[in-house]
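Here is what each chain is made of, one letter per residue.
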Amino acid sequence: MKDIRLMKGNEAFAEGVIRAGCDGYFGYPITPQSEVLEYLAAQRADERTGMVVLQAESEIASIHMVYGGAACGKKVLTSSSSPGISLMQEGISFLAGTELPCLLLNVVRGGPGLGTIQPSQSDYFQAVKGGGHGDYKMIVLAPASVQEMYDFAKLGFDLAFKHRIQVMILSDGAIGQMMEKVELDDQVPRMTNEEIIQKYPWTTTGKTPDRERNIITSLDLNPVRQEIINRKLQEKFKKIQETEVRFERIQCDDAEYLFVAYGSSARICQKAVMLGRARGLKIGLLRPITLFPFPSDELAKLSKQVHGILCVEMSAGQMVEDVRLSVNGAVPVEHYGRLGGIIPAPDEVLHVLEENFINETMISESAAGGERKS
Amino acid sequence: MTEEIIIAGFGGQGVLSMGKILAYSGMMQDKEVSWFPSYGPEMRGGTANVTVIISDERISSPILNQFDTAIILNQQSMDKFENSVKKGGLLIYDPNGITRHPVRTDIDIYTVDAADESARMGSAKVFNMIVLGAFLKLKPLIGPEYMHKGLEKSLPARHHYTIPENEKAIERGKEIIQPKFLLN
């Protein structure tokens, strides 16, 4: 029988982490994601699988514990919310420089600064463009449901180890706090040390006489070697851009106008699509699931089909820059966002789309004597 | 069928848990469900509200500003949500502590004296189940056997002995709900 439960997004993520065969969680509480640590503790994850669950003394300690665990080839993660993720940026850059695989969860709240505990999507730039220093990218997954909060724990670890990269799950307070139905999978067993040594020969698992030392460091003062290291990183990001793009098309086939939105904004736009379609408007939604790699090719294709694109984000306009780069001027791209923890309503975003594209089109076409069905 | 509900009142009245029991019961009856709470400072004593959606189809937005039904349990929530009920929709409220009663004439309005009734039943804790019963009388979306399963799933095992008392409160709510203003 299928194991189906009603869970909060944060709890579903924590359950997903346990079932993915995770070895260690290091974190520090912050609203609106504290349920991750609480759930792991209440579930006695340490007894269920033997994984480590540790409340560190700070976010900075957490991210460096992740560094240590990842260097040993362990499946490790941390989770936090916006101000805590800012504290971790130096550690994230070090993980990038050493190509250590790990999972990071940001349940975004409104900023800047301590901001608010309400949902926001204003950390897109930080996650996608690199919040730490240096030329690096992380794979960024954007869940739009509680089921995806669960699913992306395992997917995140899989992608992290496949590419030796950090995978950030960019969620928000709404997805983290709401409850929905979740279908759970069987437990994936944790890897043994022997399996890790065999599968990941780069890890610092103790030198044996038959091999050289493994050194995990991001420091190399020789600029020639450092450029080679950087070129190698860029090749990896390029390969990820070519092979790991994920997105969902909702009613795009005959769409004349398009929403682009991720996470909880995508859910709101999905309802707006329904409301618009009920009134005869041909509206679709492209939901990026990976924010890096961004579904640029898909958007370029859709820009040949639609008359206008509205990017909806709970930010002052961050992802819209990537939408505009993808579309490259082929079609008007507008942005609509609410700030500071306010969540837009479905009829609100539909109204903005109509005001921006449809009403205007009707006026200009009727002025030109053209006919148009509403 | 899609029913979009807002439940709103004070923190501590059992608003969030009423929503959770409703959502869990819906899920046990194979419905699609979502539960989206106000969280944070509100949970620590101020106003609390939760949006619950029960549907036969995949739920699009769990976050809404218009509802089929509003269940309102204090004055602040009345001020905030009376106008969020869709035309032809339903508003249920406990008049206890309400100083400004609803004035809409394009929706059905019912009252349930749940605070008084829970005192008569000798347990303030069943207040929210009386309210839930009142709702289920008007919108029988979920069968009693699934409500039972929902209670079992959402209450921790150490509180399972309270299930009969909760079910009695649900039945009592169905009996005491009163029309205040009806469209037809």
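Everything numeric here is computed off the predicted structure, so don't read it as measured data.

So, about the interface of chain B and chain A. Residue-level contacts link 26 residues of chain B with 27 residues of chain A. For the pair chain B and chain A, the summed buried surface comes to about 2200 Å²; carbon and sulfur atoms form 61% of the total. Where chain B touches chain A, the interface holds three salt bridges. Across the pair A:E248 and B:R58 runs a salt bridge whose closest N-O atoms are separated by 3.4 Å. There are nine residue pairs in polar contact (both at pLDDT 80 or more) connecting chain B and chain A. It is strand β2 (residues 32–37) of chain B that contributes the most residues to the side of chain B that touches chain A, six residues altogether. For the side of chain B that touches chain A, a count of residues per class yields 13 nonpolar, six polar and seven charged. Here two bridges tie strand β8 (residues 179–184) of chain A to β2(B), and the two strands are oriented antiparallel to one another. In the strand pairing of β2(B), A:M179 is matched with B:W35.

Counted according to the given criterion, the structure contains 41 salt bridges over all chains. Measuring nitrogen to oxygen at the nearest pair gives 2.6 Å for the salt bridge that ties A:E244 to A:K162. Here A:E244, found in the loop between α11 (223–243) and β9 (247–250), pairs with A:K162, found in helix α8 (residues 146–163); they are 82 residues apart in sequence, far enough to count as distant. A relative accessible area of 4% places A:E244 in the buried class. B:D56 is the partner of B:K31 in a salt bridge, and the nearest nitrogen-oxygen pair spans 2.9 Å. In this pair, B:K31 sits in the loop between α1 (15–28) and β2 while B:D56 sits in the loop between β3 (47–55) and β4 (67–72), placing the two residues 25 residues apart along the sequence. Judged by relative accessible area, which is 46%, B:D56 ranks as partly exposed. Among the charged side chains, a salt-bridge network with shared partners connects A:D3, A:R5, A:E15, A:R19 and A:R48.

All names here are of chain A. On the secondary structure map, C72 appears in the loop between α4 (59–71) and β4 (76–80). Given the relative accessible area of 30%, C72 is considered partly exposed. For C72 and V312, which are 240 residues apart along the polypeptide, the C-alpha to C-alpha distance reads 41 Å. If we skip the residues at most four places from it in the chain, C72 touches I196, T203, T204 and T205.

As a further point, take the sheet that holds strand β13 (residues 308–313) of chain A. Sheet strands pair by backbone hydrogen bonding; their relative direction is either parallel or antiparallel. Residue and element names in this part refer to chain A. Reading across the sheet, the five strands line up as β9-β11-β10-β13-β14 and stay open at both edges, with mixed pairing between neighbours. Unpaired on one side and paired on the other, β9 and β14 (333–337) mark the two borders of the sheet. Pairwise comparison of adjacent strand axes, ignoring direction, gives a mean angle of 20 degrees for this sheet. Inspection of the sheet shows β13 paired to β14 by five bridges, in the parallel sense. Along β14, the bridge assignment pairs C311 with H335.

Once that is clear, we can look at the packing of aromatic side chains. Under the counting rule described, the total for this entry stands at five aromatic pairs over all chains. Ring centres of A:Y200 and A:W202 lie 6.2 Å apart, and the angle between their planes is 50 degrees; on these two criteria the pair is classed as tilted. When sorted by exposure, A:Y200 lands in the same class as A:W202, which is buried. With a centroid separation of 6.4 Å and an interplanar angle of 80 degrees, the aromatic rings of B:F67 and B:F81 are classed as edge-to-face. Taken together, the positions of B:F67 in strand β4 and B:F81 in helix α2 (residues 75–81) put the pair 14 residues apart, joining distant regions of the chain. For the pair B:F67 and B:F81, a shared accessibility class is recorded, and that class is buried. Taken together, A:F161, A:Y200 and A:W202 form an aromatic cluster joined through their ring pairs.

The next thing to look at is the sheet that holds strand β1 (residues 3–8) of chain A. Strand order in the open sheet made by the nine strands is β1(A)-β8(A)-β2(B)-β3(B)-β1(B)-β4(B)-β5(B)-β6(B)-β7(B), with mixed pairing throughout. Of all the strands in the sheet, just β1 of chain A together with β7 (178–181) of chain B have a single pairing partner and so form its edges. Strand-to-strand twist in this sheet, taken as the mean axis angle between neighbours without regard to direction, amounts to 25 degrees. For strand β1 (residues 2–10) of chain B and β3(B), the ladder comprises nine bridges, and the chain directions are antiparallel. Within β3(B), the position partnered with B:T2 by the bridge is B:S55. Relative to β1(A), helix α1 (residues 9–19) of chain A is tilted by about 130 degrees, and along the sheet it contacts β1 and β8 of chain A.

Structurally, B:S60 can be placed in the loop between β3 and β4. For the pair B:S60 and B:S34, spaced 26 residues apart in sequence, the C-alpha separation works out to 9.7 Å. Beyond its immediate sequence surroundings of up to four residues, B:S60 is in contact with A:R267, A:Q270, A:K271 and A:M274.

Below, the discussion takes up the side chain of A:D172. Residues and elements named next belong to chain A. Positionally, D172 belongs in strand β7 (residues 166–172). Buried charge D172 goes without a salt bridge, the closest partner of opposite sign being R267 at 9.8 Å. Among the polar contacts listed, one links the side chain of D172 to the side chain of S264, at a separation of 2.7 Å. Excluding anything up to four places from it in sequence, D172 contacts V107, V108, P119, S120, Q121, G263, S264 and M314.

A word on the domain arrangement of chain A. Residue and element names in this part refer to chain A. Its domain assignment divides chain A into domain 1 (3–195) and domain 2 (248–367). One C-alpha centre belongs to domain 1, the other to domain 2, and the line joining them spans 29 Å. Opposite the 28 residues of domain 1 that make contact, domain 2 presents 24 residues. For the pairing of domain 1 and domain 2, the buried interface totals around 2100 Å² over both sides, and the portion due to carbon and sulfur atoms is 55%. Together, Q121, Y124 and F125 form the three largest contributors to the area buried by domain 1 at its contact with domain 2, with a combined 33%. In this structure, the connection of domain 1 to domain 2 is made through three salt bridges. For the interface between domain 1 and domain 2, the tally reads 16 residue pairs in polar contact (both at pLDDT 80 or more). Residue assignment for the side of domain 1 that touches domain 2 shows that the elements contributing at least two residues are α7 (124–128), β6 (139–141), α8, β7 and α9 (173–177).

What counts and what doesn't
Residues numbered from 1 in each chain as written. Chains lettered and ligands numbered in written order. Predicted model: local features only at pLDDT ≥ 70, side-chain atom pairs only at ≥ 80, totals over all residues. Heavy atoms only, no water. Contact = heavy atoms within 4.5 Å. Buried area = accessible area lost by both parts, 1.4 Å probe. Salt bridge = Lys/Arg side-chain N within 4 Å of Asp/Glu carboxyl O. Polar contact = N/O pair within 3.5 Å; in protein donor to acceptor, adjacent residues only side chain to side chain. Helix = DSSP H or I, 4+ residues; strand = E, 2+ residues; numbered from the N terminus. Nonpolar A, V, L, I, M, F, W, Y, C, P; charged D, E, K, R; others polar. Pairing = 2+ DSSP bridges. Buried < 20%, exposed > 50% of the residue type's maximum accessible area, 1.4 Å probe, protein only. Axes fitted to C-alpha atoms, helices over the stretch in contact; angles between N-to-C directions. Phe/Tyr/Trp six-rings, centres within 6.5 Å; stacked < 30°, edge-to-face > 60°. Lys, Arg positive; Asp, Glu negative; His and termini not counted. Domains from an automatic or database assignment.

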